[in-house]
Amino acid sequence: MEATLAFSQDSPPISIICAAKFVGLPLTIDPSLASGLAPTLRFASGESLHGVNPILLYIASGATIPCFSGKNDIEFGHVVEWLEYVPIFLSGSEFENACLFVDGFLASRTFLVGHGLTIADIVVWSNLAGIGQRWESLRKSKKYQNLVRWFNSIDSEYSDTLNEVLAAYVGKRGIGKSPAPSLKEKVHVSKDPSAPEVDLPGAKVGKVCVRFAPEPSGYLHIGHAKAGLLNKYFAERYQGRLIVRFDDTNPSKESNEFVENVLKDIETLGIKYDAVTYTSDYFPKLMEMAGSLIKQGKAYIDDTPKEQMRKERMDGIESRCRNSTVEENLSLWNEMVNGTERGMQCCVRGKLDMQDPNKSLRDPVYYRCNIDPHHRVGSKYKVYPTYDFACPFVDALEGVTHALRSSEYHDRNAQYYRILQDMGLRRVEIYEFSRLNMVYTLLSKRKLLWFVQNKKVEDWTDPRFPTVQGIVRRGLKIEALIQFILQQGASKNLNLMEWDKLWTINKKIIDPLCARHTAVLKDQRVIFTLTNGPEKPFVRILPRHKKFVGAGKKATTFANRIWLDYADAAAISKGEEVTLMDWGNAIVKEIKVESGVITELVGELHLEGSVKTTKLKITWLADIEELVPLSLVEFDYLISKKKLEEDDDFLENLNPCTRRENPALGDANMMNLKRGEIIQLERKGYYRSWPRDLWKRYYKE
């Protein structure tokens, strides 16, 4: 997520800029703060982080580099210790003592924390480098060999990444001596890694026009989102136009509800367009073109039964109607236009080449009869063009220069160009990209409609659906969806994508900002009696997020009887010391069991104990009446097979259980959660607040 880093021009936070450069976080640099003020990281949402270490921890938590903030809680604690220690390097008189300490620490270590590179290494390295001449002199001596070895190792491996920052912000004498960027000058520390680096063939800046053409027969899903965002990308890259066009040529499947929700989804995706059009706007001209092609002998009317026509196309057999006269064809065309019984038996086919190896060129269908009312024009028309006929025609008329199509249409590209040629219209360049396929996921709107119609889901916005509204309702941030899709670019490679990758991106966005709360499972909990606990419950005000002030505060009650999850109680041994999160350590003295089931733990607080020595860090809730009843709802995939093959019947691969609900109790602060708010239940995962009455409509709770 792009952010602005504001700081004082005379003291640029070299460690933050290096860390951001290292992980690929785009920063807009704003060296306009008054001297002495702490650096501030501002987000587009209006939220911000203040201070060097909170910003560094935010960067570390969002990095894709494995274990960049430590591989466990203990290593994370050591990372924090190093971040707090680093300023001693800049204190002048303590500089060589600090070098001596770190040199000794690195005598038998390759990295400062654990066995891999962490943000602690980047921060200590950048602070040493930022000192300038004094460090360079020591580096050339043999005084601190371990420290120099470590420094040179990082410098040699990551010089291209880190030295670019040093060149911009560090002078010969140290940090802040080189000229900093001018006030509010936008300097992207790294190139946006999500942008697809591809070119449209023959594209010229200011001359490009693209179109996003969804069919209003369902809500937009994640596959449509890829097409829409790629069109948005190219329109912006070439400073061109983007048209949203509804391909509304099948009245049996389409509705105003779908039109309205597609527009809503387009807005959600942040796609800015220049115009909204409909293929139905061009019905009169399309009918004129069909009549013209019939008159020119480039199209004919065929009444061959559907299955027979399909077989003849596969076998390259010409229809008996192919050589009908123009007069006969026009007469039947008139029957079709009027929706007569005779006309309903016919269709219009292009007269292309029945022997072509590319079967899409074997006299494709251009027009069919349909007496269902159209959602925009009612019953005015009885004939409707096929997508393959209407698309090239409308593309040419609307001035589209480049038509983006998924590679599943590859074999029909020749048909697209041939139809344009027969119509006498200008060429529109096709640019292909790979269709987005997700594991355990159906993207066919026909199949998704089956789930809606058969009440297997609530509606098109159900959290189990791959629709934009479904995955957003489940808790996906739209920024994560955009990053996920644009990272794939306009590649033509077919990939089956894992949902985990998308949710990992989402976690990096929500984790630094979402509040933390505590819950225990209502039917799987055990009381823990603390014999030396407080005689009367007391309340402390704690942050809802230890690293993000903007998350606010929460009131936590401490008592001598607390609830634990049964799974945690079962993992504890008699005499074991455990850590009660946000309180301190406790020693379990007794475990009461009845019929093989744990009924109670008895122990005593040992608050002077070290959290670093305990194996278990446990969440808990005071046994008070104010606990909030919750339902923790978890969803699974709708189908049980990772990838359905063409001959697979999705009905035979339905997942029998796709929704699980566990009653729970949450801390009293959860009474004030807003609808849709994303929180983290400590050690349970991320959840989105959704009032129970919103489920009643379908689940009848």
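Quick caveat, the model's predicted, so the values are computed rather than measured.

Undergrad: Could you clarify how one ought to interpret the packing of aromatic side chains in this entry?
TA: For any two aromatic rings, the description comes down to two numbers: the centre-to-centre distance and the angle of the planes. Counted according to the given criterion, the structure contains 32 aromatic pairs. Ring centres of Phe283 and Tyr384 lie 5.5 Å apart, and the angle between their planes is 75 degrees; this geometry places the pair in the edge-to-face category. Linking Phe283 in helix 10 (residues 283–295) with Tyr384 in strand 13 (residues 383–385), this pair joins segments that are 101 residues apart in sequence. The class of Tyr384 is buried, set by a relative accessible area of 3%. Seen from their ring centres, Phe451 and Phe650 are 6.0 Å apart, and the 40 degrees between their planes marks the pair as tilted. Remark: Phe650 occurs in the loop between strand 29 (628–635) and strand 30 (659–666) and Phe451 occurs in helix 15 (residues 445–453); sequence separation between them is 199 residues. In this structure, Phe451 and Phe650 share a single accessibility class: buried. Of the aromatic side chains, those joined through ring pairs into one cluster are Tyr219, Phe258, Trp450, Phe451, Trp460, Phe465 and Phe650. Its end group placed over the ring of Trp563, Arg525 keeps NZ or CZ at 4.1 Å from the ring centre. Sitting above the plane of the Trp690 ring, Arg675 keeps its charged end 4.9 Å from the centroid.

Undergrad: Could you clarify how one ought to interpret the domain arrangement of the chain in this entry?
TA: Think of interface size as the accessible area that goes away when the parts come together; that is how it is often given. Under the domain assignment used here, the chain contains domain 1 (3–169), domain 2 (280–387), domain 3 (525–543 + 556–626) and domain 4 (629–697). Taking only C-alpha atoms into account, the centre of domain 3 sits 29 Å from that of domain 4. Together, the buried faces of domain 3 and domain 4 total about 680 Å²; carbon and sulfur atoms form 51% of this surface. Interface area lost by domain 3 to domain 4 is led by Thr619, Leu621 and Glu626, which between them contribute 48%. Inspection of the region where domain 3 meets domain 4 yields two salt bridges. Here Arg683 makes a salt bridge to Asp568, at a shortest N to O gap of 2.9 Å. Applying the counting criterion to the domain 3 and domain 4 interface returns four residue pairs in polar contact (both at pLDDT 80 or more).

Undergrad: How do you make sense of the sheet that holds strand 30 when you look at a structure like this?
TA: Each strand in a sheet pairs with another by means of backbone hydrogen bonds, the pair being arranged parallel or else antiparallel. Across the sheet, three strands lie side by side as 19-30-29; this open sheet has antiparallel pairing. The open sheet has two free edges, formed respectively by strand 19 (519–521) and strand 29, since each of these has just one partner strand. Within this sheet the neighbouring strands show an average axis-to-axis angle of 40 degrees, counted without direction. Two strands pair when backbone bridges link them, and strand 19 and strand 30 are joined in this way by three bridges, in the antiparallel orientation. Looking at the pairing, Leu521 lines up with Ala664 of strand 30.

Undergrad: Would you explain unusual backbone geometry in this entry?
TA: One can expect most non-glycine residues to show negative phi and most peptide bonds to be in trans. With a phi angle near 70 degrees, Asp582 is a residue other than glycine that sits in the positive phi range. Position of Asp582 among the secondary structure elements: in the loop between strand 24 (577–580) and strand 25 (584–594). Given a relative accessible area of 33%, Asp582 falls into the partly exposed group. The backbone of Ser595 shows a phi angle near 55 degrees, a positive value even though the residue is not glycine. Mapping Ser595 onto the fold places it in the loop between strand 25 and strand 26 (597–605).

Undergrad: Would you explain the UniProt feature "domain: tRNA synthetases class I (E and Q) anti-codon binding" (unreviewed entry) in the chain in this entry?
TA: Per the UniProt entry, the sites bearing "domain: tRNA synthetases class I (E and Q) anti-codon binding" (unreviewed entry) are residues 617–688 in this numbering. Within the segment residues 617–688, helix and strand shares are 0% and 39% respectively, and the terminal C-alpha atoms sit 24 Å apart.

Undergrad: Help me understand the nonpolar core in this model?
TA: Proteins that are soluble and globular tend to have nonpolar side chains buried together. Of all hydrophobic cores here, the largest spans 63 residues; its most connected members are Leu128, Trp135 and Trp150. Residues in contact with Trp135, not counting those within four places in the same chain, are Phe95, Cys99, Leu128, Ala129, Leu147, Val148 and Phe151. Counting residues in hydrophobic clusters, the runner-up holds 44 residues, among them Val262, Tyr278, Leu404 and Ile505.

Undergrad: Got a minute to help me understand the sheet that holds strand 7 (residues 209–212) in this structure?
TA: Read from one edge to the other, the open sheet built from three strands follows the order 7-8-9, with strand pairing classed as parallel. Two strands bound the open sheet, and with one partner strand each, they are strand 7 and strand 9 (275–278). Averaged over all pairs of adjacent strands, the angle between their axes in this sheet comes to 30 degrees, without regard to strand direction. Lying on the sheet, helix 8 (residues 222–237) is in contact with strand 7 and strand 8 (241–246); it crosses strand 7 at an angle near 165 degrees.

Undergrad: Would you mind going over the pairing of strand 12 (residues 365–369) with me for this structure?
TA: On a regular strand, each side chain points to the face opposite its neighbour's, so the side chains alternate between the two faces of the sheet. Burial analysis of strand 12 places four of its five residues in the buried class, which makes it a mostly covered element. Looking at chain direction, strand 11 (residues 347–350) and strand 12 are connected through three bridges and run antiparallel. Opposite Val348, over in strand 12, you have Tyr367 as the bridge partner. Looking at chain direction, strand 12 and strand 13 are connected through three bridges and run antiparallel.

Undergrad: In this structure, what is going on with the confidence of the model for the chain? I would like to understand it.
TA: Parts of the model with low pLDDT should not have their predicted coordinates read in detail. Residues at a pLDDT of 70 or more form 92% of the chain, whose mean pLDDT is 88. The model gives residues 176–197 a pLDDT under 50, and that stretch makes 56 contacts with residues more than four places away or in other chains. Confidence drops under a pLDDT of 50 for residues 694–701, and excluding neighbours within four residues, the segment shows 23 contacts in the predicted structure.

Undergrad: Mind showing me how you'd approach the environment of Tyr409 here?
TA: Here Tyr409 is to be found in the loop between strand 14 (402–406) and helix 14 (413–423). For Tyr409, a relative accessible area of 23% gives the class partly exposed.

Undergrad: What is the right way to look at the pairing of strand 31 (residues 678–681) in this model?
TA: Judged by which residues are buried, strand 31 turns out to be covered on both faces: Ile678 and Gln680 on one side and Ile679 and Leu681 on the other are all buried. Here three bridges tie strand 18 (residues 515–517) to strand 31, and the two strands are oriented parallel to one another. Its bridge partner lying in strand 31, Arg516 is registered against Gln680. Here strand 31 runs beside strand 32 (residues 685–688); their pairing, made up of four bridges, is antiparallel. Considered in strand 32, the bridge of Ile679 is made with Tyr687. Hairpin connection of strand 31 to strand 32: three residues between the antiparallel strands, including Arg683 at a positive phi of 65 degrees.

Undergrad: I would appreciate a short explanation of the packing of helix 6 (residues 133–140) against helix 7 (residues 145–169) in the present structure.
TA: To characterise two packed helices, one gives the angle between the axes of the helices and the distance between these axes. Viewed as axis vectors pointing N to C, helix 6 and helix 7 meet at an angle of 110 degrees, and their least axial separation amounts to 10 Å. Taken together, helix 6 and helix 7 sit at an angle that is classed as roughly perpendicular. On the side of helix 6, the interface is formed by Trp135, Leu138 and Arg139, while helix 7 contributes Leu147, Val148, Phe151, Asn152 and Asp155. Among the residues forming the contact of helix 6 with helix 7, the class breakdown is five nonpolar, one polar and two charged.

Undergrad: Please clarify how the packing of helix 5 (residues 119–131) against helix 7 should be interpreted in this entry.
TA: Interhelical geometry of helix 5 versus helix 7 gives an angle of 80 degrees and a closest axis separation of 10 Å. Here helix 5 lies roughly perpendicular to helix 7, going by the angle between them. Two secondary-structure elements touch here, helix 5 through Asp121, Ile122, Val124, Trp125, Leu128 and Ala129 and helix 7 through Leu147, Trp150, Phe151, Ile154, Asp155, Leu162, Asn163 and Leu166. Considered class by class, the residues forming the contact of helix 5 with helix 7 number eleven nonpolar, one polar and two charged.

Undergrad: How should the state of the cysteines be read in this particular structure?
TA: One way to say it: the disulfide is the covalent bond shared by the sulfur atoms of two cysteines. As enumerated under the stated definition, the model contains zero disulfides in all. Here Cys18 stays free of any disulfide, with the sulfur of Cys99 as its closest cysteine sulfur at 17 Å.

Procedures and definitions
Residues numbered from 1 in each chain as written. Predicted model: local features only at pLDDT ≥ 70, side-chain atom pairs only at ≥ 80, totals over all residues. Heavy atoms only, no water. Phe/Tyr/Trp six-rings, centres within 6.5 Å; stacked < 30°, edge-to-face > 60°. Helix = DSSP H or I, 4+ residues; strand = E, 2+ residues; numbered from the N terminus. Buried < 20%, exposed > 50% of the residue type's maximum accessible area, 1.4 Å probe, protein only. Lys NZ or Arg CZ within 6 Å of the ring centre and 35° of its normal. Domains from an automatic or database assignment. Buried area = accessible area lost by both parts, 1.4 Å probe. Salt bridge = Lys/Arg side-chain N within 4 Å of Asp/Glu carboxyl O. Polar contact = N/O pair within 3.5 Å; in protein donor to acceptor, adjacent residues only side chain to side chain. Pairing = 2+ DSSP bridges. Axes fitted to C-alpha atoms, helices over the stretch in contact; angles between N-to-C directions. UniProt positions renumbered as here; feature names shortened; annotations may be inferred. Core = buried A, V, L, I, M, F, W, Y, C linked by side-chain atoms within 4.5 Å. Contact = heavy atoms within 4.5 Å. pLDDT = per-residue confidence, 0-100. Parallel < 35°, antiparallel > 145°, perpendicular 65-115°, else oblique. Nonpolar A, V, L, I, M, F, W, Y, C, P; charged D, E, K, R; others polar. Disulfide = S-S within 2.5 Å.

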